[in-house]
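Working through the structure, step by step
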Amino acid sequence: MIKLDANENPYRPPEELCRRLGEFSRRLDYNRYPDKTYSDLRKALAGYCGWPADLIMAGNGSDELILLLLLAYGGPYSRMITVQPTFTMYAHYARATGTPAVEKTYRLEGSAGELKYPRQEIMAEAEKDQPGIIFLCSPNNPTGELRARSWLEKLLDRTELPVVVDEAYYEFSGETFIDLLEKYENLIILRTLSKAFGLAGLRVGYMLSSPAVYRKLEELRSPYNISRYSAGAAGILLKAREYYQNSWKKIMSGREFLYRGLSELAGLTVFPSRGNYLLLQTEVKSPAKVYQELLERGVRIRYWDDLALFGQALRVSAGRREENELFLSELTEVLKEV
Ligand SMILES: Cc1ncc(COP(=O)(O)O)c(C=O)c1O
């Protein structure tokens, strides 16, 4: 099965890194609890992203940090403001914490069906004199575009609500808002090692924020929220910067290869993306059928039957070269059999 459904890094770490992880695992004090301040991991993350270690919180995947943020700033008398479609866990944890969700939908404009972010609607919600928390995703999953810097600055100038920018795919887009953290205390940046660093299986995400936000979440965080092994492995992988930078280049050229190939296929719309994935709409055959037939041919991509704005939709993650080629050739066959 070729797995192109979860925006993972398609490469396992190289042998040398696996050997170091194995050695680390052999020496590990499994019987001891982790250091609850995760100081080594936070130092490694500080070195990687240039934000002070004492303002970086690590989570059991960034999913855990989304939950903590909604526990801290959500609840029945607050609001979770976001767009649709976007990463599903914002709405999931809003439901779990009893937080009403205010969701503004993208628009499709023009004959080419260009995606338009509901900027004004989000701004208007942010300016209301009501508590809440805003979730933005840049690049957005699954649509792939970045938030505009000038708009984000305007938003931060006009609201005191916490504004979370989820940069889970930062390494693929190369665009970050970290530099705005100094100026805006209500800006919160979420990142993860699940995507670019290929560590989805070990669950390590992190949050960069002001001291006030950090303190509030620290009151809620479980002291041993990440395993000793995951924290140590993350530190080892973060040092292998050159290897990962090369792997991101390969993934990005895979995404461009897929974009070009998909753009040439009749009966298909593909949206440009700054992440390691592409959102697809099929015109003649239903996305459900395309998904099912690809699955029967051994290729798994992501399928939604109720994605906001689109209804049924598909998303493919950039894989290894041979996986991308196989996906394209299978999809070409599937689309021909109408
Ligand atoms: C935008 C976004 N944020 C966060 C995550 C989850 O990351 P983690 O594996 O760190 O929980 C994902 C995973 O798909 C994502 O797409």
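Residues numbered from 1 in each chain as written. Predicted model: local features only at pLDDT ≥ 70, side-chain atom pairs only at ≥ 80, totals over all residues. Heavy atoms only, no water.

As for the pairing of strand S10 (residues 205-208)
- Burial of S10 is two-sided: the residues Gly205 and Met207 facing one way and the residues Tyr206 and Leu208 facing the other way are all buried.
- Bridge analysis of strand S9 (residues 187-192) against S10 gives 4 bridges, and the strand direction is antiparallel. By the bridge assignment for S10, leucine 190 is matched with methionine 207. (Buried < 20%, exposed > 50% of the residue type's maximum accessible area, 1.4 Å probe, protein only. Helix = DSSP H or I, 4+ residues; strand = E, 2+ residues; numbered from the N terminus. Pairing = 2+ DSSP bridges.)

Points about the domain arrangement of the protein chain
- By domain assignment, the protein chain separates into domain 1 (2-10 + 242-336) and domain 2 (33-239).
- Once you take the C-alpha centre of each, domain 1 and domain 2 turn out to be 25 Å apart.
- Every contact between the two is made by 21 residues of domain 1 and, on the other side, 26 residues of domain 2.
- Counting each side, the surface lost to burial between domain 1 and domain 2 is near 2,000 Å², with a carbon and sulfur contribution of 65%.
- Linking domain 1 to domain 2 there are 1 salt bridge.
- Taken together, the links from domain 1 to domain 2 amount to 8 residue pairs in polar contact (both at pLDDT 80 or more).
- Elements that contribute at least two residues to the side of domain 1 that touches domain 2 include exactly helix H10 (241-264), strand S12 (277-282) and strand S14 (302-307).
- The leading source of residues in the side of domain 1 that touches domain 2 is H10, at 4 residues. (Domains from an automatic or database assignment. Contact = heavy atoms within 4.5 Å. Buried area = accessible area lost by both parts, 1.4 Å probe. Salt bridge = Lys/Arg side-chain N within 4 Å of Asp/Glu carboxyl O. Polar contact = N/O pair within 3.5 Å; in protein donor to acceptor, adjacent residues only side chain to side chain.)

Here's the deal with the environment of lysine 289
- Take lysine 289: it is sitting in helix H11 (residues 287-296).
- On a C-alpha basis, the gap between lysine 289 and alanine 94 in space is 32 Å, while along the polypeptide they are 195 residues apart.

A word on the sheet that holds strand S4 (residues 101-105)
- What the 7 strands build is an open sheet, ordered S2-S10-S9-S8-S7-S3-S4; its pairing is mixed. If you trace the sheet from one side to the other, it starts and ends with strand S2 (56-59) and S4, each paired once. For this sheet, the mean inter-axis angle between neighbouring strands, taken without regard to orientation, is 25°.
- Sheet analysis places strand S7 (residues 133-137) next to strand S8 (residues 163-166), joined by 4 bridges and oriented parallel. Counterpart to leucine 136 in the pairing with S8 is valine 165. (Axes fitted to C-alpha atoms, helices over the stretch in contact; angles between N-to-C directions.)

Observations regarding the packing of aromatic side chains
- Scanning the model with the defined rule gives 13 aromatic pairs in all.
- Between tyrosine 90 and phenylalanine 135, the ring centres sit 4.8 Å apart and the planes meet at 25°, which makes this aromatic pair stacked. Here the residue tyrosine 90 occupies a position in helix H4 (residues 89-96), and phenylalanine 135 occupies one in strand S7, the gap between them amounting to 45 residues.
- Among the residues examined, tyrosine 90 registers a relative accessible area of 0% and is labelled buried.
- Look at phenylalanine 135 and you get buried, because its relative accessible area is 1%.
- Each member of the aromatic cluster is reached from another via a ring pair, and the members are Tyr48, Phe197, Tyr243, Tyr244 and Trp248.
- Lying across the ring of tyrosine 117, arginine 147 places its NZ or CZ 3.5 Å from the centre.
- Its end group placed over the ring of tyrosine 11, lysine 250 keeps NZ or CZ at 4.3 Å from the ring centre. (Phe/Tyr/Trp six-rings, centres within 6.5 Å; stacked < 30°, edge-to-face > 60°. Lys NZ or Arg CZ within 6 Å of the ring centre and 35° of its normal.)

Things to note about the pattern of salt bridges
- The tally for this structure, following the rule as stated, stands at 25 salt bridges.
- With a closest N to O distance of 3.6 Å, arginine 203 and aspartate 63 form a salt bridge. Placement of arginine 203 in the loop between S9 and S10 and of aspartate 63 in helix H3 (residues 61-73) is noted, with a sequence separation of 140 residues between them.
- Close ionic contact of glutamate 325 with arginine 321 constitutes a salt bridge, the shortest N to O distance being 3.2 Å. Taken together, the residues glutamate 325 and arginine 321, both in helix H12 (residues 321-336) and 4 residues apart, mark about one turn of the helix.
- Take glutamate 325: its relative accessible area is 36%, and that puts it in the partly exposed class.

Some thoughts on the site of the ligand
- Taken together, 13 residues sit near the ligand, with Ser62, Asp166, Tyr169, Thr192 and Ser194 positioned nearest.
- Between the ligand and aspartate 166 there is a distance of 2.6 Å, counted from a nitrogen atom to a side-chain nitrogen or oxygen.
- Interatomic distance of 2.6 Å between a side-chain N/O atom of serine 194 and an oxygen atom of the ligand.
- Considering the ligand on its own, with 400 Å² of exposed area, one finds that the protein chains cover 92% of that surface.
- In terms of residue class, the shell around the ligand is made up of 4 nonpolar, 5 polar and 4 charged. (Near = heavy atom within 4 Å. Areas by Shrake-Rupley, 256 points an atom, 1.4 Å probe, with all protein chains shown as cover. Nonpolar A, V, L, I, M, F, W, Y, C, P; charged D, E, K, R; others polar.)

Structural notes on the sheet that holds strand S11 (residues 268-270)
- The 4 strands are arranged S11-S12-S15-S14 in an open sheet whose pairing can be described as antiparallel. Edge positions in the sheet fall to S11 and S14, since each of these pairs with one other strand and no more. Neighbour to neighbour, the strand axes of the sheet diverge by 30° on average, direction disregarded.
- Strand direction decides the pairing type here: S14 and strand S15 (residues 311-317), joined by 4 bridges, are antiparallel. In the strand pairing of S15, tryptophan 304 is matched with alanine 313.
- Across the sheet, H10 lies against S11, S12 and S15, angled at about 15° from S12, the strand it touches most.
- Sheet strands in contact with H11 are S12, S14 and S15, and its direction is about 35° off that of S15.

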